[in-house]
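Chain by chain, the residues run as shown.
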Amino acid sequence: MLRKVLIANRGEIACRIIRTCHRLGVATVAVYSDADRDALHVSLAGEAVHIGPSPAAESYLRGETIIQAALRTGANAIHPGYGFLSENPDFADAVTSAGIRFIGPSSDAIRAMGLKDAAKALMEKAGVPVVPGYHGAEQDPDFLSREAERIGFPVLIKARAGGGGKGMRRVESAADFGEALASAQREALAAFGDPACLIEKYIAHPRHIEIQVFGDDHGNVVHLFERDCSLQRRHQKVIEEAPAPGMPEEMRLAMGEAAVKAAMAISYSGAGTIEFIADASDGLKADRFWFMEMNTRLQVEHPVTEAITGVDLVEWQLRVASGEPLPRSQDELFISGWAFEARLYAEDAERGFLPATGRLAHLDLPEELARVDSGVRAGDRISPFYDPMIAKIITRGPDRQTALSLLSAALAEVRATGVTTNAAFLRRLTIQPDFVEGLPDTGLIDRHLAELTIGQSPSREAMALAALKLSGALEPKSRGDPWDRLSGFRLWAEASDFVELDYRGQHVPVSFGSIGEGVYAATVDGKPVDFRLSRLDAEACLLEAAGRKHRVHLVSGERDVTIFGDGENWHFGLIDPLAGEDEIAAGSDRIVAPMPGLVKLLRATPGASVTKGEALVVMEAMKMELTLAAPRDGTIADVLVSQGEQVIEGAVLLILEPEPEPEPAPEAGEPKDG
Ligand code: MV4
């Protein structure tokens, strides 16, 4: 077995790999950048080596630095995870040349699958079904146009170096072909430095179905069935599942066989995925799937395969890398049950899935209902340097409906504050009727975007509850009812209290009081509500309103509270009754973001003196750069953002010390500081 493994990655995948290593008694070495000094993967590993500044290009992509770290710590293998250097054949070669095992396929296998046209030609030769099309090197427009005619319209033009949909053009008729080709080639050249394109028959109702394969160094290859990744948005996978709904057994056999053939053709060793596109216009059919590409790494969504097969794929990677044969033969592999994975991201679905950054003040993940693969914990920062994934939530059940209900329940238990997440968006997806029916498709999210991204508004009862919490009315007191200082003996008139809430920039006046044991009456924005409240634990209570009980959680900061209930969450701030006047007086004391965007440069530290017009912040918003300057001479009192942070419109970025009272003019002739 491998003695010590260096994990050339970060986040959840580094943590996930470390856990399997430790279970098998293999020592681990983590690597980390400046931003990851206190990251979870660093604290889990046996030892850790600093490899450079925060940008990936200066740390996690520095192959030589990482190899040096392995040599220095005596690691005899490197696991690349996914992304970063995982599919870089030169890195695989450099690792091997340094006398270290690369936990992955040979560099030849990585190279063979790197260029999409060459990979397709190779697969076609190996007898794997490939989408009808032209995958050759000839790029003459007239020639390609004739090829398009031969294939039959509509066709899809794709960049040979592409992926992720860049440089793709659908062409309906011969008349449009020339222009579409020229534009695809320009885009491909700009994006990949390679203008070459291939032409394919256009599949109008595609499903993305991929097969997990595994090879060893003894010529064995098996497959571990399929994953359906059709639920995507802008080529980003959102929820994956295994097996694929509606897949006939005959098609499963044919796809598995094709995938094994593909891996055999390149003597594949280790974990890999063969990505197929299936035409689902008439249901899934055994003769309507085609090879798209091969990913020569462990994938993000590998846990759904683990959930239905009972195999630890990282364990298999380690065993195969140490020269062992595959632990199981094809006859010993079965699908058992159904599994889903949802990708929990720091992003704001309602604002066009804008990545969110900041400090995760509070983080509860549903460990009892699901397998949770995460690389962060409460208190960590989601930085702009890396993928903003918070966790993968994986559920398994005996059947699809059970696994999906579990996913829905698990997502409703996600409670994060400080950073906006897509948890509510994901949960709405789990109850979307077409998806529940087992009809995932690549266009589903876009077709239902509004209903999936726009959340329910908070009920008036929820607003009243927020007001109670923010006023301190729910805090335990040393005497009387420990839960509620307002309950019991006081009369409504006496107990009445008032706060003004901030909900998404709107001011909501709330007055409230207790009219009995756990019974409240309130006026929210002028409208009366009444409700009952009973406490469940430190954070949770039951809110009974209009004859229905809702389990809600309250997570509060110093002057704000987030209410989690019904799978949704709402954030409320407390408006300081004096702030209005302050704000006017302090108008020129604050530097505010004029639009949502990224803080690219920050030239301000508390205590520094600034002069009027001095550039303090550079923001990037909608591809434009915007410089925010000091509105007057003064001293910086507070810096409320950090470089790389994403901010909303109106966010206060910097505060200046209040302007001093005018001082008497200095005497003439008094020396002045330069
Ligand atoms: C296609 C296609 C239709 N016809 N190829 C998108 C990214 C790349 N990996 C392959 N993609 C597609 N290739 C042919 N010949 C439609 C897509 C496609 C897609 C595929 C899988 C999952 C989601 C998708 C979303 C849009 C387009």
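Before reading further, recall that the structure is shown in the block above.
Definitions and cut-offs
- Residues numbered from 1 in each chain as written.
- Predicted model: local features only at pLDDT ≥ 70, side-chain atom pairs only at ≥ 80, totals over all residues.
- Heavy atoms only, no water.
- Helix = DSSP H or I, 4+ residues; strand = E, 2+ residues; numbered from the N terminus.
- Rg over C-alpha atoms; globule rule 2.2 N^0.38 Å.
- Contact = heavy atoms within 4.5 Å.
- Lys, Arg positive; Asp, Glu negative; His and termini not counted.
- Charge placed at Lys NZ, Arg CZ, Asp CG, Glu CD.
- Buried < 20%, exposed > 50% of the residue type's maximum accessible area, 1.4 Å probe, protein only.
- Arc of directions from axis to C-beta.
- Near = heavy atom within 4 Å.
- Polar contact = N/O pair within 3.5 Å; in protein donor to acceptor, adjacent residues only side chain to side chain.
- Areas by Shrake-Rupley, 256 points an atom, 1.4 Å probe, with all protein chains shown as cover.
- Nonpolar A, V, L, I, M, F, W, Y, C, P; charged D, E, K, R; others polar.
- Axes fitted to C-alpha atoms, helices over the stretch in contact; angles between N-to-C directions.
- Parallel < 35°, antiparallel > 145°, perpendicular 65-115°, else oblique.
- Pairing = 2+ DSSP bridges.
- Salt bridge = Lys/Arg side-chain N within 4 Å of Asp/Glu carboxyl O.
- Right-handed = clockwise from strand over helix to strand, strands pointing away.

A. Just the overall build of the protein chain, in detail. Counting its secondary structure elements, the protein chain contains 19 helices and 39 strands. Relative to the 2.2 N^0.38 estimate, which gives 26 Å for 674 residues, the radius of gyration of the protein chain is 29 Å and therefore close to what a compact globule would have. If one aligns the C-alpha atoms of the protein chain with their principal axes, the spans along those axes are about 85 × 75 × 60 Å. Sequence separation of 24 or more characterises 61% of the internal contacts of the protein chain that already satisfy a separation of 6 or more. Here the protein chain holds 69 positive side-chain charges and 100 negative ones, and the gap between their average locations is 3 Å.

B. Highlighting helix H5 (residues 107–114). The complete set of buried residues in H5 reads Ser107, Ala109, Ile110 and Met113. The arc enclosing the buried residues of H5, seen along the axis, measures out at 160 degrees, which places them on a common side. For H5, the secondary structure elements touched by its buried residues are helix H4 (89–97), strand E5 (101–102), helix H6 (116–125) and strand E14 (289–295).

C. Summary view of the site of the ligand. The full set close to the ligand counts 18 residues, and Lys158, Glu200, Lys201, Ile203 and Thr442 are the nearest of them. The contact in question runs from a nitrogen atom of the ligand to an N or O atom on the backbone of lysine 201, over 2.7 Å. Backbone polar atom of isoleucine 203 to a nitrogen atom of the ligand: 2.9 Å apart, as the coordinates give it. Starting from 530 Å² of accessible surface for the ligand in isolation, the protein chains cover 85%. Those elements that provide at least two residues to the shell around the ligand are strand E7 (155–159), strand E9 (197–201), strand E10 (206–215), strand E13 (270–279) and E14. Its residues assigned to classes, the shell around the ligand comprises eight nonpolar, five polar and five charged.

D. Representation of the packing of H5 against H6 within the structure. H6 packs onto H5 with a crossing angle of 100 degrees between their chain directions and a minimal axis gap of 5 Å. The angle between H5 and H6 places the two elements in the roughly perpendicular class. On H6, the residues that touch Ala112, Met113 and Gly114 of H5 are Lys116, Ala119, Leu122 and Met123. Its residues assigned to classes, the contact of H5 with H6 shows five nonpolar, one polar and one charged.

E. Broad picture of the environment of valine 555. Within the secondary structure, valine 555 is located in strand E29 (residues 548–556). With near-sequence residues (within four places) excluded, valine 555 lies in contact with His362, Thr417, Glu539, Asp560, Val561, Thr562 and Phe564.

F. Seen up close, the pairing of strand E25 (residues 506–516). Two strands pair when backbone bridges link them, and strand E24 (residues 497–503) and E25 are joined in this way by seven bridges, in the antiparallel orientation. Bridge pairing in E25 links aspartate 497 to phenylalanine 512. Counted along the chain from E24 to the antiparallel partner E25, the turn is two residues long, and its residue arginine 504 has a positive phi close to 50 degrees. Relative to strand E26 (residues 519–524), E25 runs antiparallel, the two being bridged by six bridges. Each residue of the ladder has a partner; that of phenylalanine 512, found in E26, is alanine 522. Where E25 folds back onto E26 in an antiparallel hairpin, the turn is made up of two residues, including glycine 518, whose phi is positive at roughly 70 degrees.

G. Spotlight on the pattern of salt bridges. Within this structure, the stated rule accounts for 49 salt bridges. Two residues, glutamate 249 and arginine 252, come together in a salt bridge whose shortest N-O distance is 2.8 Å. With glutamate 249 and arginine 252 both in helix H9 (residues 249–265) and three residues apart, the pair spans about one turn of that helix. Residue glutamate 249 is classed as partly exposed on the basis of its relative accessible area of 48%. Looking at arginine 252, the relative accessible area reads 10%, which means it is buried. With a closest N to O distance of 3.0 Å, glutamate 301 and arginine 343 form a salt bridge. Here the residue glutamate 301 occupies a position in the loop between E14 and helix H10 (302–309), and arginine 343 occupies one in strand E15 (residues 338–345), the gap between them amounting to 42 residues.

H. Examining the pairing of strand E2 (residues 27–33) more closely. With six of its seven residues buried, E2 lies for the most part within the structure. By the bridge criterion, four bridges tie strand E1 (residues 4–7) to E2 in an arrangement that is parallel. By the bridge assignment for E2, valine 5 is matched with threonine 28. As for the winding sense of the linkage, the β-α-β connection from E1 through helix H1 (residues 11–23) to E2 is right-handed.

I. Just the environment of aspartate 217, in detail. In this structure, aspartate 217 sits in the loop between E10 and strand E11 (221–233). Accessibility expressed as a relative area gives 42% for aspartate 217, which makes it partly exposed. Residues aspartate 217 and serine 383, spaced 166 residues apart in sequence, show a C-alpha to C-alpha distance of 40 Å. Reaching out from aspartate 217, the side chain makes a polar contact with the side chain of arginine 101 at a distance of 3.5 Å. A distance of 2.7 Å separates the side chain of aspartate 217 from the side chain of serine 269, its partner in a polar contact.

J. Region of interest: the sheet that holds strand E37 (residues 634–639). Sheet architecture is open: four strands sit in the order E32-E39-E37-E34, paired in antiparallel fashion. The sheet terminates laterally at strand E32 (590–592) and strand E34 (609–610), the two strands that pair on one side only. The sheet contact formed by E37 and strand E39 (residues 652–656) spans three bridges and is antiparallel. Within E39, the position partnered with isoleucine 636 by the bridge is leucine 656.

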